[in-house]
Amino acid sequence: MHPLMSSENPIPRVPDVTDPQPSTPLTEDFTTGTANDPACSGADGRVQLTVDGRSVTVDPGETLLDAIEAAGADVSALCHDDHSDEIAPRSECRTCVVETAAHGLVPACSFPVEEGMTVHTDSANATEVRDVNLDLVLSNHNLRCTTCGQNGRCELQDTAIQQEIEEPRYGVFDDRDAYEPIDDTSPFIQIDRNKCILCNRCVEACNDVQVEGVLRIEGSGEETRIAFQNESEAMAGSSCVSCGHCATVCPTGSITENGLADTATLPIPGFNQQNSIGEAIEYEPGESTDPDAPAEPTASTSLSGVAGVMDRARRQAETTVRDVAERAFLEGEHAAERVASSVLSEGQMFDIAEFVSKHRLDAVDVTETTCGYCSVGCRFDVYSKDDEVLGVRPTDAEHAPANDGFSTCVKGKFGYDFVNSDDRLEQPLIRENGVLREATWDAALERVATELSELTDEYGTDSIACFASSKCTNEENYLMQKFARQVLGTKNIDNCARLCHSSTVAALKQTVGYGAMTNRIEDVANTDCYLITGSNTTESHPVLATRIKQNVRDGADLIVFDPRKIGIAEHADQYTRVEPGHDVAWINGLIRYVIQHDLHDEAFIADNTHDFDELKRKVEPFTPDEVERLCGVDPADLASAAETIATADTCVFGWAMGMTQHAHGTQNVLALANLALVTGHLGKPNAGLSPFRGHNNVQGGGGDMGTLPSTLPGYQPLDDPAVLDAFEDVWDERPPAEVGLTVPEVFTEVHEGNVRGMYIMGENPALSEPDIGHAKDALEALEFLVVQDLFLTETAEHADVVLPAASFAEKSGTFTNTERRVQLVGQAVSPPDAARQDWSILQSLANRLGYEWSYESPAEIMDEISDLVPIYGGITHDRVAREGGLQWPCRDADDPGTPYLYEDGFNFEDGKARFVPADMGEPGELPGEEYPLTLTTGRVLYHFHTGTLTRRVNGIMSHVGESFVEIHPDTADQLGVSDGQNVRVESRRGSIVAAARVTDHADRGVVFMPMHFATGAVNELTQERFDPISGIPEYKISSVRISPDNA
Amino acid sequence: MLKRAAETGLRGRGRGDVATDEPVADCWQTAREATGEPAVVVNANEADPRAMADGLLLAADPFAVIDSAAAVANAIGAPAVVVYVTETDERAYRNATTVANLVESITSVSIDVVVGPDEYMAGEPTMALESLEGSDRLEARVRPPGPEEHGLFGRPTVLHTPRTLAQLRRLALEDGDVPGVDSDPGSRVFDIYGDVTAVATTELETDDTLATLRECVEMDGSMNAACVGGVFGGLTETLDVPANADGLAAAELGTDGPVELLNRGRCPVAFAGRRAAFARKENCGRCVPCREGSKQLTELLRSVYDGDSLIDDIRELARVMERSSICSFGRSAARPVTTALNEFEAEFRAHADGRCPDGECTHS
């Protein structure tokens, strides 16, 4: 080593000068290996220029490339990406070079557009540069289209065909000895670097869109390649979160979704990407996945498809394909490549590839739909073939407002094994002699109709309770509550939203008027400041978190208060750890600080609110010292958070279950609402109260559709005779005017003998209820239980009749996302065998019970909804399709919907919000000598709720295959527990075993477990303690003890 | 100083300068007007051991360089100067540090001396910035806008070589009265090496010609060719070329300074091939015309030895590399090949026939 570098004090490489560029604590350490390019923001204003003699005008933000396109000219621009503004022009392939009068030859993708520019796309110099560079790209591309997963969707292939490349000047990359092995170590994404053109899109998609910092470019010259920032050799060892963005943006077959890897290859054994390259680093399925599941892509063995088409089309291609095919059979494994390279010119290769891909892709259906996992409401295209879901890719930006036309997460992009899972229910089941047996629909429906009628006759209509499902469509949930109220005449209709945001709805209705997120996802993406608390956003709402991370990286302030140092906290300007259970203390403390320091928005408060003085009185005791005593928040942290929030132009308050699932959950949310009102961050763009909802359709199906015991659809009161009249007019039955039972109350009333029958559509209370031991006893005690689901869930095992339903991929209708946006769901595949869409099952049953429902389609159900529900008054399927989603309130056909609420006053008669001061409650259970630890529960990125869907996805199970308990290293030391060891976790309710994960995510004395697993089900431990206002259970706090499990 | 530089139209010197052969005053103006607080970088990282001028200037007369950089900083309103030195050049680092402390104490400008990798590409201005920002992999940045608008950590940044700064100092000391041609006032520094008994570094006024260089050194034999302008300079049979930017450019030679003299017996085809191979090996890997182009260029030259006369193909590829590469590395990488073809096309044809007129290729 040179003396300069070996000295005691190493010589600096980075000068001590100010870096004014914004970043987050995580992004500043990303090592992308790529240059800090200047921003290419396009034209400053409207700019006029001349392209090939035509005058064109570009709008602000548009580029030279846009101008060329507008002029009707065409350049390849291979490395240019148009998925996301976050992916800047790489300008590396130089296949978009054009000639300008002022600057000579310039790359159209990145060169600034100037007023009065004269551009020639077709000059001899420009054409030569583009042609040579395209051939240079091909020279380093493993051109084996017929064995490539991207065949037919490849941008390089499209360009080469369009440019009529017959024999590229420098050949193609086909030196087998130089091939890099395929990286097949991820269950979801395959990397074939031999096809990489180093466009860098994947690196930017990973670092700049997803803000995850996994991929990078490494090496120089010929050794330049895509690699991993953590220096892992393969995907499996990287820190990849499988969002899939890299596969979405890859222009070639270099990074592909495993499910799509062989979509358009020649349908001949061995003609797949893996065999073409020869060597692959394989994916090893996790221990807990189904050992029989195929881990490798499989090739179809049918030749008939190609042969059939061949008879009718393109004789030349026919002979060549057959020739290739026959030789391939003879020559074995590497034939695909060898035959192709010796027999065909590159131009012929393209001809055949185009022919094959057209034929094979014709058999692939593409259906636009809305994601069925969380409530962000990402939209994408489902690729399916023969009723099998192959994969998903984002749809156009204008059809995908929530995910920016681009983003996905691991569940939304890859979590579809469940749709075609072997254990889908395909026939109705009826319990006979204690055993569930297959039955006909006729027999099953007859049994349900008879038993429900008998119970109603004998014990009254209220002896039956119905649970709707936040996974089903709006139309289905509307029918579920209609079935309950009209057909069965019971007042008991509720749904699992009781267990997640019921306290949010209760608090927001009291303070601002609507029990919903006040603003758009767009506002969450563009605010100046965030207070995020009780939301593990990166894991529970990954695509929303992506928007937040991008905005924080670009300079917004992020403040996180949470008991656990979760992923989003890693990006925060301020992370403050709080002790679980005393959230009102620090929020009231913030309010007090704001008022004490005159940071509150006096004009806003005076014009828009009532009862400010009561709030002032209530928060008075919450001095910084008292807050520190109650929940461990440092007074300096309290002060800086209060000042940042109060002085920001706009602020979004984001929360989820960490606020709501407490015995005083409503009080927590009241406190947050008060803070938003005091600082005036409501009723304007980029600000607001943002409860991040859980299920795909919890807003619509779990609330708007009236699947609640206390309100009719559209939150219309049960005690308003005019409302009841309106429903009676349409239904010919008057809905019960009494308030019904909540989900937890139903379970209590079963034990009391007051509820005897239950109808459960798409829910799994046997795992999701607190203290499930008690809940299972109730399910057993029922006289009659109907479960309508995709699988024989833990709940269905107790059922008397099980009705096989359709998954989101198998139905049409609408979902309403977390920002109140109603979006279309499209049917991509048929339900398996006899399974049916939920609305159709309910219709058959209603008719069997003597009613005349005659909906032809979900669109007709929506027409009835818009008749009866004022906030959905202007919503029809046609409009939603045309306008790309509508946000309620949308009162009539001319109403464009409401992007953010309360611009013109709050939802009360006088337009003013109410301060409802929040009381601090004690957690229902405090750690003591016998149970000294506090257990808190939540989610992980890879799973969803009780895991009925995600536990059936092999790739997901290989990531997180079993339950675990997070323990702080110091606590683990005290308990004598090491990382990975099985431990017994016990509460007063029950006892389970799970693997220990020793990490400092949570504080000493606080342990965390996920809620997704049936084995090691955490709700064995949680307690039946409820928020008195909303009835939400206190999942977030239980006292437990932990010991090493020596069994 | 801003005024004098503008009046005389003084141009930047060397490949490491943000204003190579362009008037420095223009880029100062751009930096002053750009958004953000400007910075000044003294780019003395030249990894080519035969291109000694910048390291020599910084080590031997650090005050001339650093004082001048501080003056540029003042002129454009930059609070910071960064001196960027090759990690192996201990003497330059040590002397620069001593003088930096001194200059810092008498001006309001902060001065940091840091090192960068001993790699040829690390001297290219945008890759110099990447190194200064702590990137563990260097690659060129897209331009425009260039460093004068988006430079160090996104700040407007002026990068000058010690040669440019020394010229500026001379301009100031001599009150604008500098020698040389009007279009490229002042003097230029040339390193002379190759088949010479001893290497030399010398200064020519820009109204002189390169023929003067021949007088500064003794050659082992008679001159067959010279490579003018560093690693990616141009080959020429004659040194009767003006020692200024326009004159050198008109002769399709490089302006970077180093001049390599080649004896009879040195084959221009082999020489061009080695430079293409150097480009293939040392490029950053970012853009296709340079990364893939230098590889194919090397292969095409190799195939000349196999009897293929692909001169038109070579010229076409060289044109595309020169016209469409992102940075000066790729834009100049094919110059040895193009100029060798211009001057020695007959030798290429001889090689295609299996013959090396200079004998070099048959020996090896």
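Residues numbered from 1 in each chain as written. Chains lettered and ligands numbered in written order. Predicted model: local features only at pLDDT ≥ 70, side-chain atom pairs only at ≥ 80, totals over all residues. Heavy atoms only, no water.

Looking at an unreviewed UniProt entry, chain B carries the name NADH-quinone oxidoreductase subunit F, with the source organism given as Natronorubrum thiooxidans. According to UniProt, the comment filed for chain B under the heading Sequence similarities (unreviewed entry) is "Belongs to the complex I 51 kDa subunit family." (UniProt positions renumbered as here; feature names shortened; annotations may be inferred.)

You'll find chain A entered in an unreviewed UniProt entry as Formate dehydrogenase major subunit, with Natronorubrum thiooxidans given as the organism. Under the UniProt heading Sequence similarities (unreviewed entry), the entry covering chain A gives this text: "In the C-terminal section; belongs to the prokaryotic molybdopterin-containing oxidoreductase family."

A. A look at the packing of aromatic side chains. Residue and element names in this part refer to chain A. Inspection of the entire model under this criterion finds 25 aromatic pairs over all chains. Their ring planes at 70° and their centres at 5.6 Å tell us that Tyr373 and Phe944 sit as a pair that is edge-to-face. Here Phe944 lies in the loop between strand 34 (933-938) and helix 34 (954-959) and Tyr373 lies in the loop between strand 12 (365-370) and strand 13 (379-385), a separation of 571 residues in the sequence. Side by side, Tyr373 and Phe944 carry an identical accessibility label, which is buried. With 5.6 Å between their ring centres and 45° between their planes, Phe612 and Phe915 make a pair best called tilted. One end of the pair, Phe612, is in helix 21 (residues 612-619); the other, Phe915, is in the loop between strand 33 (913-914) and strand 34, and 303 residues separate them in sequence. The same class applies to Phe612 as to Phe915, namely buried. (Phe/Tyr/Trp six-rings, centres within 6.5 Å; stacked < 30°, edge-to-face > 60°. Helix = DSSP H or I, 4+ residues; strand = E, 2+ residues; numbered from the N terminus. Buried < 20%, exposed > 50% of the residue type's maximum accessible area, 1.4 Å probe, protein only.)

B. How the structure looks around helix 10 (residues 268-282) of chain B. Residue and element names in this part refer to chain B. For helix 10, spanning 15 residues, the distance from its first C-alpha to its last is 21 Å, which sits close to the expected 21 Å at 1.5 Å a residue. The element helix 10 is extensively covered by neighbouring structure, given that eleven of its 15 residues are classed as buried. Of all the residues in helix 10, the buried ones are Pro268, Val269, Ala270, Phe271, Ala272, Gly273, Arg275, Ala276, Ala279, Arg280 and Glu282. (Expected span 1.5 Å × (residues − 1).)

C. Quick peek at the UniProt feature "domain: 4Fe-4S His(Cys)3-ligated-type" (unreviewed entry) in chain A. The UniProt feature table records "domain: 4Fe-4S His(Cys)3-ligated-type" (unreviewed entry) at residues 125-164 of chain A. Structurally, residues 125-164 of chain A comprises 57% helix and 0% strand, and the distance from its first C-alpha atom to its last is 19 Å.

D. Representation of unusual backbone geometry in the model. Between Arg143 of chain B and Pro144 of chain B the backbone carries a cis peptide bond, its omega angle lying at -15°. For Pro144 of chain B, the location among the structural elements is in the loop between helix 6 (125-132) and strand 4 (157-160). The omega torsion of the bond from Pro144 of chain B to Pro145 of chain B falls at -10°, within 30 degrees of zero and hence cis. Among the secondary structure elements, Pro145 of chain B is positioned in the loop between helix 6 and strand 4. Phi is positive for Val211 of chain A, close to 55°, though the residue is something other than glycine.

E. Region of interest: the sheet that holds strand 17 (residues 464-468) of chain A. Residue and element names in this part refer to chain A. Spatially, the seven strands line up as an open sheet ordered 16-15-29-28-27-17-18, and their pairing is mixed. Every other strand in the sheet has two partners, leaving strand 16 (435-438) and strand 18 (493-495) as the edge strands with one partner each. Going from strand to strand, the sheet's axes swing by 20° on average, the running direction of each strand aside. One ladder, built from four bridges, connects strand 17 with strand 27 (residues 757-761); its direction is parallel. Bridged to Phe467 within strand 27 is Ile760. This element, helix 31 (residues 838-848), spans strand 27, strand 28 (784-789) and strand 29 (801-804) of the sheet and lies at about 150° to strand 27. (Pairing = 2+ DSSP bridges. Axes fitted to C-alpha atoms, helices over the stretch in contact; angles between N-to-C directions. Contact = heavy atoms within 4.5 Å.)

F. Highlighting the side chain of Thr795 of chain A. Residue and element names in this part refer to chain A. Residue placement: Thr795 occurs in the loop between strand 28 and strand 29. A distance of 3.0 Å separates a polar atom in the side chain of Thr795 from the backbone nitrogen of Ala766. In this structure Thr795 touches Ile760, Glu763, Asn764, Pro765, Ala766, Leu779, Leu785 and Val787, once residues within four positions along its chain are discounted. (Polar contact = N/O pair within 3.5 Å; in protein donor to acceptor, adjacent residues only side chain to side chain.)

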